[in-house]
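Fold and geometry: a report
In case you want the letters, here they are:
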Amino acid sequence: MKAIEISHNQECRVIDIDTPASPAAGEVLLRIEYVGFCGSDINTFMGRNLMALNPVIPGHEVGAVVEAVGSGVPENIKVGAIVTCNPYTNCGHCASCRRGRVNACQHNQTLGVQRNGAMRQFITLPWQKVIPAEGLSSQVCALVEPLSVGFHAVSRGAVTDIDTVMVVGCGMVGLGAIVRSALRGATVIAADIDDDKLALARRMGATHTINTRTVDVHETLANLTGGMGPDVVIEAVGSVPTYQMAVNEVAFTGRIVCIGYAKSDALLPTRLFVQKELDIRGSRNADPADFNAVIRYLLRGECPTDQLITRTIAPEQALDTLRWWSENPGRVFRILVKF
Ligand SMILES: [Zn+2]
Ligand SMILES: [Zn+2]
């Protein structure tokens, strides 16, 4: 069967690997239909993702159909069902796992990063990682995981209806954070440097938008929040200036949620951590409740999924597409590979 393989020196090819045997007890064989390319995959391709195997079969954003089930798999995972998957693993014995926060397992191996992923025609997974998504198309299923990461950040920020939430960065993950903050009744301020992304943010639930390149961020926030600053800032960029912005602009006794994976260390005014008595929280991956919340949201049919899918390609187009994407990094929400 076909699979896509990426190497760290900007190589990407279609390879032929063995089709999996029929699933063992507790396993599910999936026929892959769509898999999304994520920012981590372009980083792998460019040699900037040191966590990834080299070479690696990428793919952790999955839309698939159940092809066969082994014995002992629950009834709701039936042959023919449309599903997505939880691409993370957890070791069961690290500090995170002991606290039940398995999404932040110290020894996590995400599909397509630390272990070979789903960009292949078939894959076998333990049933616990298979998430039924009845009513969604397999194409839309491939958007569930990246939106879940944004949803999880909102849980970490304990966002409620009385909060004003600023989401910095309106890529897929930031948009997920905007959607869930709005679903929880918060007032959402979206910040980005791209007006098209801000327009989409507004469509997905932001009440206010700020182009941080063209307006004075501090003054605009002061006007929008009665001089208080946002109660919650969700950092979904991963750059030094946006981390600094989060600490400077968040309200006194506010919360900062960090999802942006910064490649360099940031110099931060730690005095404000104390003066403002801040809660600064990391957010990593997503947990089953976040996946289910995204599926519920997508079932409402209000998500402009066509705008989130920038391109759909065949496996053979992957190399050219990754090259194009690496040259046009700001233009892409998701590229789906159709198997
Ligand atoms: Zn991803
Ligand atoms: Zn663990």
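What this report covers is the structure whose coordinates are included nearby. For clarity, every value in this text was computed on a predicted model and none was experimentally measured. The numbering scheme is per chain: residues are counted from 1 as the chain's sequence reads. Chains carry letters from A onward and ligands carry numbers from 1 onward, assigned in written order. Reporting of local features is limited, given that this is a predicted model, to residues whose pLDDT is at least 70; pairs of side-chain atoms are given and counted only at 80 or more, and all residues count toward the totals for whole chains, interfaces and linings. Here the side-chain values reflect all heavy atoms present in the structure, with hydrogen atoms and water set aside.

As for the pattern of salt bridges
Put simply, the test is: Any Lys or Arg side-chain nitrogen located within 4 Å of an Asp or Glu carboxyl oxygen qualifies as a salt bridge. For helices the rule is a DSSP run of H or I covering at least 4 residues; for strands it is a run of E covering at least 2, with both sets numbered from the N terminus onward. Whether a residue is buried, partly exposed or exposed follows from its accessible area with a 1.4 Å probe, protein chains only, as a fraction of its type maximum: under 20%, in between, or over 50%, in that order.
Taken as a whole and assessed by the stated rule, the structure comprises 10 salt bridges. Residue arginine 180 is joined to aspartate 290 by a salt bridge in which the shortest nitrogen-to-oxygen separation is 3.3 Å. Of this pair, arginine 180 sits in helix α5 (residues 172-183) while aspartate 290 sits in helix α10 (residues 288-299); the two residues are 110 residues apart in sequence, bridging distant segments of the chain. Note on arginine 180: relative accessible area 15%, which makes it buried. On the basis of relative accessible area, aspartate 290 is assigned to the buried category, the value being 1%. One salt bridge in this structure joins aspartate 320 and arginine 323, with 4.0 Å as the shortest N-O distance. Of this pair, aspartate 320 and arginine 323 are both found in helix α12 (residues 318-327), 3 residues apart, which corresponds to roughly one turn of the helix.

Some details on the coordination of the zinc ion (ligand 1)
Applied cut-off: Any nitrogen, oxygen or sulfur atom within 2.8 Å of a metal ion counts as a donor, with the limit raised to 3.2 Å for Na, K and Ca, and since water is left out, coordination shells can look unfinished.
Coordination of the zinc ion (ligand 1) by the protein is provided by Cys38 (SG) and His60 (NE2), with metal-donor distances spanning 2.1 to 2.3 Å. With a gap of 22 residues between them, cysteine 38 in the loop between β3 (27-37) and α1 (39-45) and histidine 60 in the loop between α1 and β4 (61-69) connect regions that are remote in the sequence. Judged on exposure class, the residue cysteine 38 and its partner histidine 60 are both buried.

In short, geometric facts, not functional conclusions.
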